[in-house]
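# A structural walkthrough
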2 protein chains.
Amino acid sequence: MANDKGFTLWFTGLSGAGKTTISLIVEQEIRDRGANIEILDGDVVRENLSKGLGFSKEDRDTNIRRIAFVADLLSRNGTPVITAAISPYREIRDEARDMMGDRFIEVYVNASVEACADRDVKGLYEKAFKGEIKEFTGVSDPYEPPLNAEVTVETENEEPEESAAKIVAYLDERGLL
Amino acid sequence: MANDKGFTLWFTGLSGAGKTTISLIVEQEIRDRGANIEILDGDVVRENLSKGLGFSKEDRDTNIRRIAFVADLLSRNGTPVITAAISPYREIRDEARDMMGDRFIEVYVNASVEACADRDVKGLYEKAFKGEIKEFTGVSDPYEPPLNAEVTVETENEEPEESAAKIVAYLDERGLL
């Protein structure tokens, strides 16, 4: 059994803040050290676990609870997990924290709406500002930042590699790698 | 990494055939040998991953695909899994098999509709025969038995302990425990 090495890096932040990009760098670093890791990316989860759910608060909550259920299953069996969904609501993130206890590591991927809209990698902010997408987090839907994230990365001022290094340093400090 | 020990015991069979009962005995046996294992029971999955889905073919397929997605995540990281959902459709079980390859072990928990209805542990067959439950597998909805299950247990003639022992013997033979 390798339960002692299981943890969940719970990324939270706006669309375009850098969650997926940073998760891939952290994944590579952890794999290079010879450990397994799984990424539960927001888009992948929507496809495989939550097709049919929309973006109302209720549906978002359901989506996040499913991610938490799977992250808990993996991490309690010793497999590190990164979840990379917006997860805008504090209460549901705290539910995930309560479920996983010490294994839960909240990573706030912080960038302002303006910065994310400037990047607009997927062209979603433009549509959201025009009202073509309803319930878009940070524009027409709330985002509740973490109050006590274990790690905060500032992607307006940091390169993705720097942000990833901060996260890996935290894991090292905790003796989780 | 413990990837070599990951497998999925994919139970399939009618409601009341004995899937949950046998899964719990197998779980205990595997834990007694010092390994981890997770059970993805049909009811638990409906609650945590598939709330809102019904029992149409489409919804059943979606439910089973979600179970397969999670079983694959766990087993490919070395955590043994038992799935214990009816999973009535052969095509979707074969999809799960294709996804997991050698890690997929189909266990046919075989009992006739008559035997399951006689037991009727949850009182569901009575309701199904009266038409109070629509789309009930084996009564008003199809069940497609496996053609080449790795293990078949005959719960009309075997005690649950005997069925569990057959499954554990198969795992031993494969060197998976």
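Scroll up for the structure.
Fair warning: this is a prediction, and the values are worked out from it, not measured in the lab.

## Here's the deal with the overall build of chain A
Assigned secondary structure in chain A consists of seven helices and five strands. Mapped in sequence order, the helices and strands of chain A form the string β-α-β-α-α-β-α-β-α-α-β-α. In terms of overall size, chain A behaves like a compact globule, its C-alpha atoms giving a radius of gyration of 16 Å where 177 residues would be expected to give roughly 16 Å. Taken across its 177 residues, chain A has 45% of its residues classed as buried. A fraction of 76% describes how many contacts in chain A between residues 6 or more apart in sequence connect residues 24 or more apart.

## A few points about helix 7 (residues 160–173) of chain B
Residue and element names in this part refer to chain B. Relative to the 20 Å expected for 14 residues at 1.5 Å per residue, helix 7 spans 20 Å between its end C-alpha atoms, a close match to the ideal helical length. When helix 7 is considered as a whole, its buried residues turn out to be Ser163, Ala164, Ile167 and Leu171. Down the axis of helix 7, the sector holding all buried residues measures 100°, keeping them to one side. Residues Glu161, Ala169, Asp172 and Glu173 are exposed on helix 7 and point more than 90 degrees away from its buried face.

## Observations regarding the nonpolar core
Burial of nonpolar side chains together is a common tendency in soluble globular proteins. One finds Leu9 of chain A together with Leu9 of chain B to be the most contacted residues of the largest nonpolar core, which totals 84 residues. Apart from the residues lying within four places of it in its own chain, the contact partners of Leu9 of chain A are Val26, Ile82, Ile105, Val107 and Ile167 of chain A.

## With respect to the relation of the copies chain A and chain B
Superposition of chain A onto chain B requires a rotation of 180° combined with a translation of 0.0 Å along the rotation axis, giving an RMSD of 0.0 Å. When the rotation and shift are considered jointly, the pair of chain copies conforms to a two-fold rotation axis. No C-alpha of chain A approaches the rotation axis more nearly than that of Leu74 of chain A, which lies at 3.1 Å. Of the interface residues in chain A, 100% have counterparts in chain B that sit at the interface too, so the contact is made through matching surfaces.

## Details of the sheet that holds strand 3 (residues 81–84) of chain B
Residues and elements named next belong to chain B. With parallel pairing, the five strands of this open sheet are ordered in space as 2-3-1-4-5. Only two strands of the sheet have a single partner each, and these edge strands are strand 2 (38–41) and strand 5 (151–154). Taken pair by pair, the neighbouring strands of this sheet meet at an average axis angle of 20°, ignoring direction. Judged from the four bridges that link them, strand 4 (residues 104–110) and strand 5 form a sheet pairing that is parallel. Note on strand 5: the bridge partner recorded for Val107 is Val151.

## Comments concerning the pairing of strand 3 (residues 81–84) of chain A
Residue and element names in this part refer to chain A. Residues Val81 and Thr83 line one face of strand 3 and the alternating positions Ile82 and Ala84 line the opposite face, and both faces are buried. With four bridges connecting them, strand 1 (residues 8–12) and strand 3 associate as parallel partners. Following the sheet pairing, Leu9 is matched in strand 3 by Ile82. As judged from the four bridges shared by strand 2 (residues 38–41) and strand 3, these two strands associate in the parallel manner. The partner of Glu38 across the bridge, within strand 3, is Val81.

## A word on the environment of Val81 of chain A
All names here are of chain A. Looking at the element boundaries, Val81 is found in strand 3. Here Val81 falls in the buried class, since 25 other C-beta atoms lie within 10 Å of it. Val81 sits 58 residues away from Ser23 along the chain, and the two C-alpha atoms are 9.9 Å apart. Excluding anything up to four places from it in sequence, Val81 contacts Thr8, Glu38, Leu40, Ala71, Leu74 and Ser75.

## Describing the packing of helix 3 (residues 57–75) of chain A against helix 4 (residues 90–100) of chain A
To describe two helices that pack against each other, one gives the angle between their axes and the distance between the axes. All names here are of chain A. As a packed pair, helix 3 and helix 4 sit with axes 10 Å apart at the nearest point and diverge in direction by 20°. As summarised for this structure, helix 3 and helix 4 are arranged roughly parallel, according to the angle between their axes. Considering how the two elements wind past one another, helix 3 and helix 4 form a crossing that is right-handed. Contacts between helix 3 and helix 4 involve Asp61, Ile64, Arg65, Ala68, Asp72 and Ser75 from the first element and Ile92, Glu95, Ala96, Met99 and Met100 from the second. By residue class, the composition of the contact of helix 3 with helix 4 is six nonpolar, one polar and four charged.

## Considering the interface of chain A and chain B
Many structure descriptions define interface size as the accessible area lost when the parts assemble. Taken together, the contact pairs 15 residues of chain A with 15 residues of chain B. No other element matches helix 3 of chain A, which puts six residues into the side of chain A that touches chain B. Here the side of chain A that touches chain B is built from residues that sort into seven nonpolar, five polar and three charged.

Procedures and definitions
Residues numbered from 1 in each chain as written. Chains lettered and ligands numbered in written order. Predicted model: local features only at pLDDT ≥ 70, side-chain atom pairs only at ≥ 80, totals over all residues. Helix = DSSP H or I, 4+ residues; strand = E, 2+ residues; numbered from the N terminus. Rg over C-alpha atoms; globule rule 2.2 N^0.38 Å. Buried ≥ 20, exposed ≤ 12 C-beta atoms within 10 Å, placed from the backbone. Contact = placed C-beta atoms within 7 Å. Expected span 1.5 Å × (residues − 1). Arc of directions from axis to C-beta. Core = buried A, V, L, I, M, F, W, Y, C linked by C-beta atoms within 7 Å. Least-squares fit on C-alpha atoms with pLDDT ≥ 70 in both. Pairing = 2+ DSSP bridges. Axes fitted to C-alpha atoms, helices over the stretch in contact; angles between N-to-C directions. Parallel < 35°, antiparallel > 145°, perpendicular 65-115°, else oblique. Left-handed = near helix turned anticlockwise from the far one by under 90°. Nonpolar A, V, L, I, M, F, W, Y, C, P; charged D, E, K, R; others polar.

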